[in-house]
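Observations on the three-dimensional arrangement
Residue strings, one per chain:
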Amino acid sequence: MTQGEFNRESSTQRGNTPHLRRFLTTFFRTALEEYREAGCPFGKNVDAMLVWFEYNQKTTDN
């Protein structure tokens, strides 16, 4: 492999570790809990929660 070439296989292996999966699962659960506590201002689905993150979690249910 030459310098600057992307090795897709090794990148996928690094991103698929048990430690990373636990971290992402914990992060997602915490984020979803905080979104619910804010009153689900953009709706009750994951895409809505991501919009809320784009607004820096400053919007709450009106």
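Just above sits the structure.
Reference entry: report on the structure contained in this document. (Residues numbered from 1 in each chain as written. Predicted model: local features only at pLDDT ≥ 70, side-chain atom pairs only at ≥ 80, totals over all residues. Heavy atoms only, no water.)

This part covers the overall build of the protein. A count of helices and strands for the protein gives three helices and zero strands. In the protein, the order of α-helices and β-strands from amino to carboxyl end is α-α-α. Here the protein holds 62 residues, and the buried ones make up 13% of them. As presented, the protein carries roughly 5,500 Å² of accessible surface, and 51% of it is formed by carbon and sulfur atoms. (Helix = DSSP H or I, 4+ residues; strand = E, 2+ residues; numbered from the N terminus. Buried < 20%, exposed > 50% of the residue type's maximum accessible area, 1.4 Å probe, protein only. Areas by Shrake-Rupley, 256 points an atom, 1.4 Å probe, with all protein chains shown as cover.)

What follows deals with the packing of helix H2 (residues 18-37) against helix H3 (residues 46-54). Put simply, H2 and H3 touch, their axes get as near as 10 Å, and they point 80° apart. Classed by the angle they form, the pair H2 and H3 counts as roughly perpendicular. Contacts from Phe 27, Phe 28, Ala 31, Leu 32, Glu 34 and Tyr 35 in H2 reach Val 46, Ala 48, Met 49, Trp 52 and Phe 53 in H3. Residues of the contact of H2 with H3, tallied by class, amount to 10 nonpolar, no polar and one charged. (Axes fitted to C-alpha atoms, helices over the stretch in contact; angles between N-to-C directions. Parallel < 35°, antiparallel > 145°, perpendicular 65-115°, else oblique. Contact = heavy atoms within 4.5 Å. Nonpolar A, V, L, I, M, F, W, Y, C, P; charged D, E, K, R; others polar.)

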